[in-house]
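Below, each chain spelled out in residue letters.
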Amino acid sequence: MPPAAPPRRGPAQTLRRVPVQRRSTERLARILDACAVLLDETGYEELTTRAVAARAGVPIGSVYRFFGNKRAMADALAVRNLDRYAAQVTDRLGRLDARDWRGAVDALLDEYLAMKRTVPGFSLVDFGAQLPLGAGRRAPVRDAAADGAPDDDPNHRVARRLTGLLAGHLGRTPDAALHRTVLVAVEATDALLQLAFRADAAGEPGIVAETRELLRGYLAKSLD
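**A short note on the overall build of the protein chain**
A tally of regular secondary structure across the protein chain gives 9 helices and 0 strands. Looking at the protein chain as a whole, 48% of its 224 residues are labelled buried. Relative to all contacts within the protein chain whose residues are 6 or more apart in sequence, the contacts with residues 24 or more apart total 66%.

Structure (structure tokens):
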């Protein structure tokens, strides 16, 4: 198991009420699923809580029980995406030799690409909604408790999770130096993959290949 990561934004911070019973948990999942599908169909500007409720087959009050507005739904969807990504990466890493950091980096990239290509709503939200959704430059997604610190930025959140996962897999300490290296890799990858998916809806293969080579070359100085 990887060492504990620094505190991160969790589902409870994006919800008005955290579900306890199985029925409520399943209802919340339906609401987020509906939100994701509608983001792809209509975009963020046309998204409404009423439309999400109708698509999910729940009363509008059920949506407001969890979320104050559509922005909160998009934020919760981003948190769920990151949790799922981390779980998939953890599974992949568990099947690799701990000395194979290049295989680990490939797993991180491959799992992201798979989600980008297949997960509803991911192209707009991925791990942190943008302002406005779908615009080129990311901005932090904040709730009332957020203090505006850099760690509230989506890429900082991703880097924290990946630092813990990589450190656990490689038997290293998730210290500040490793976090900085991972953060730079995440920022560079984010920019390059935005370029790849602007050029091709499935991710332009040549740019994706160059991104993989850039990651390996950059990380070699820290992970070899």
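Don't stop here, the text continues.
**Brief notes about the nonpolar core**
By size, the foremost hydrophobic cluster in this structure holds 35 residues, and its most contacted members are Tyr85, Phe127, Leu162, Val182 and Leu193. Only helix H4 (70-93), helix H5 (101-118), helix H7 (154-170), helix H8 (176-199) and helix H9 (205-223) provide two or more residues apiece to this core. Once residues lying within four places of it in the same chain are set aside, the contact partners of Leu162 are Tyr85, Leu108, Val182 and Val186. In terms of nonpolar packing, the next biggest core, distinct from the first, is built from 26 residues, Leu32, Leu38, Ala53 and Ala74 among them.

**Considerations on the side chain of His169**
Structurally, His169 can be placed in helix H7. The exposure class assigned to His169 is buried, which follows from its relative accessible area of 11%. Excluding residues that lie within four positions of it along the chain, His169 makes contacts with Leu93, Leu96, Asp97, Ala98, Asp100 and Ala104.

**Examining the packing of aromatic side chains**
Under the counting rule described, the total for this entry stands at 5 aromatic pairs. Judged by centre distance (5.0 Å) and plane angle (40 degrees), the ring pair of Tyr85 and Phe127 falls under tilted. Taken as a pair, Tyr85 in helix H4 and Phe127 in the loop between helix H6 (122-125) and H7 lie far apart in primary sequence, 42 residues in all. Residue Tyr85 shares its accessibility class with Phe127, and that shared class is buried. For the pair Phe122 and Phe127, a centre-to-centre distance of 5.3 Å together with 80 degrees between the ring planes defines the contact as edge-to-face. By way of ring pairs, the aromatic residues Tyr85, Tyr112, Phe122 and Phe127 are connected into one cluster. One residue, Lys70, lies across the ring of Tyr44, its end atom 4.5 Å from the ring centre.

**Re the packing of H7 against H8**
In helix packing, the relevant descriptors are the interaxial angle and the interaxial distance, both defined with respect to the helix axes. Following both chains from N to C, one finds H7 and H8 inclined at 125 degrees, their axes separated by 8 Å at the closest point. By the angle class used here, H7 and H8 are oblique. Considering only the axes of H7 and H8, their crossing is right-handed. On H8, the residues touching Asn155, His156, Val158, Ala159, Arg160, Leu162, Thr163, Leu166 and Ala167 of H7 are Leu178, His179, Val182, Leu183, Val186, Glu187 and Asp190. In terms of residue class, the contact of H7 with H8 is built from 9 nonpolar, 4 polar and 3 charged.

**A few points about the environment of Ser24**
Residue placement: Ser24 occurs in helix H1 (residues 22-42). On the basis of relative accessibility, which here comes to 26%, the residue Ser24 falls in the partly exposed class. As a C-alpha pair, Ser24 and Phe66 span 42 residues in sequence and 9.8 Å in three-dimensional space. With residues up to four places along the chain from it excluded, the contact list for Ser24 reads Pro19 and Phe66.

Parameters at a glance
- Residues numbered from 1 in each chain as written.
- Predicted model: local features only at pLDDT ≥ 70, side-chain atom pairs only at ≥ 80, totals over all residues.
- Heavy atoms only, no water.
- Helix = DSSP H or I, 4+ residues; strand = E, 2+ residues; numbered from the N terminus.
- Buried < 20%, exposed > 50% of the residue type's maximum accessible area, 1.4 Å probe, protein only.
- Contact = heavy atoms within 4.5 Å.
- Core = buried A, V, L, I, M, F, W, Y, C linked by side-chain atoms within 4.5 Å.
- Phe/Tyr/Trp six-rings, centres within 6.5 Å; stacked < 30°, edge-to-face > 60°.
- Lys NZ or Arg CZ within 6 Å of the ring centre and 35° of its normal.
- Axes fitted to C-alpha atoms, helices over the stretch in contact; angles between N-to-C directions.
- Parallel < 35°, antiparallel > 145°, perpendicular 65-115°, else oblique.
- Left-handed = near helix turned anticlockwise from the far one by under 90°.
- Nonpolar A, V, L, I, M, F, W, Y, C, P; charged D, E, K, R; others polar.

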